[in-house]
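# Observations on the three-dimensional arrangement
Here is what each chain is made of, one letter per residue.
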Amino acid sequence: KQWYQRRVRGLDECLGDVDDDYFIIDCPGQIELYTHMDTMQRFVAALEGWGIRVCAVYLLDSQFLVEPSKFIAGMCSALSAMVQLQVPHINVLTKVDLLSARDRDNLDRWLDPSQLIMEGCVSRTANKRHARLSNALCRL
């Protein structure tokens, strides 16, 4: 904890006067830092304490949009980060250029999914033991 506090104080000194500045801070991709540890919450609180308005940008690999189970997992991880950080949040799909032409054509289905489409996809592809859980997540 002392190491963290020293680093944050050092960052405050490096940033100096931040009246109209924008900062892009690339944070590590270890999901546990955002979902069940308070590391990023403390970091955000420090920035806000210095008068910096914070917005989170969550980068989600587009491979999460090719299968219903991956889509649900990706959305749950993004939602978990949103709930933990409690700041304005933007989700961005990355690596869309690496998707097959067929998967790119199906992006709209995943970007604005209806409950019926999601439940239908899940019922065809998900593990039958987890069907009720998967369908409940689709209704969210």
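Residues numbered from 1 in each chain as written. Predicted model: local features only at pLDDT ≥ 70, side-chain atom pairs only at ≥ 80, totals over all residues. Heavy atoms only, no water.

## Brief notes about the overall build of the protein chain
- Each helix and strand in the protein chain was counted, giving eight helices and two strands.
- Going residue by residue from the N terminus, the α and β elements of the protein chain occur as α-α-α-β-α-β-α-α-α-α.
- Considering only residue pairs separated by 6 or more positions, the protein chain has 62% of its internal contacts joining residues 24 or more positions apart.
- With an accessible surface of roughly 9,900 Å², the protein chain has 54% of that area assigned to carbon and sulfur atoms. (Helix = DSSP H or I, 4+ residues; strand = E, 2+ residues; numbered from the N terminus. Contact = heavy atoms within 4.5 Å. Areas by Shrake-Rupley, 256 points an atom, 1.4 Å probe, with all protein chains shown as cover.)

## Structural notes on the nonpolar core
- Grouped together as the largest cluster of nonpolar side chains are 17 residues, with contacts concentrated most on Tyr34, Met40, Leu85 and Val87.
- Of all elements in the fold, only α2 (32-35), α3 (39-49), β1 (56-61) and α4 (68-85) reach the threshold of two or more residues within this core.
- Among the elements that take part in this core, α3 stands out by supplying four residues, more than any other.
- Ignoring any residue separated from it by four or fewer positions in sequence, one finds Val87 in contact with Val44, Glu48, Val54 and Ala56.
- If you look at the next biggest cluster of nonpolar residues, it comprises five residues, including Phe71, Leu99, Leu107 and Trp110. (Core = buried A, V, L, I, M, F, W, Y, C linked by side-chain atoms within 4.5 Å. Buried < 20%, exposed > 50% of the residue type's maximum accessible area, 1.4 Å probe, protein only.)

## As for the environment of Leu111
- Position of Leu111 among the secondary structure elements: in helix α6 (residues 107-111).
- Note: C-alpha distance between Leu111 and Leu93 (18 residues apart in sequence) is 9.9 Å.
- In this view, Leu111 contacts Leu65 and Leu93; residues no more than four positions away in its chain are not counted.

## Description of the pairing of strand β2 (residues 89-94)
- Pairing of β1 with β2 involves six bridges; the strand directions are parallel. In the sheet register, Ala56 faces β2, and the bridge partner there is His89.
- Between the parallel pair β1 and β2, the chain is carried across by α4, and the sense of this crossover is right-handed. (Pairing = 2+ DSSP bridges. Right-handed = clockwise from strand over helix to strand, strands pointing away.)

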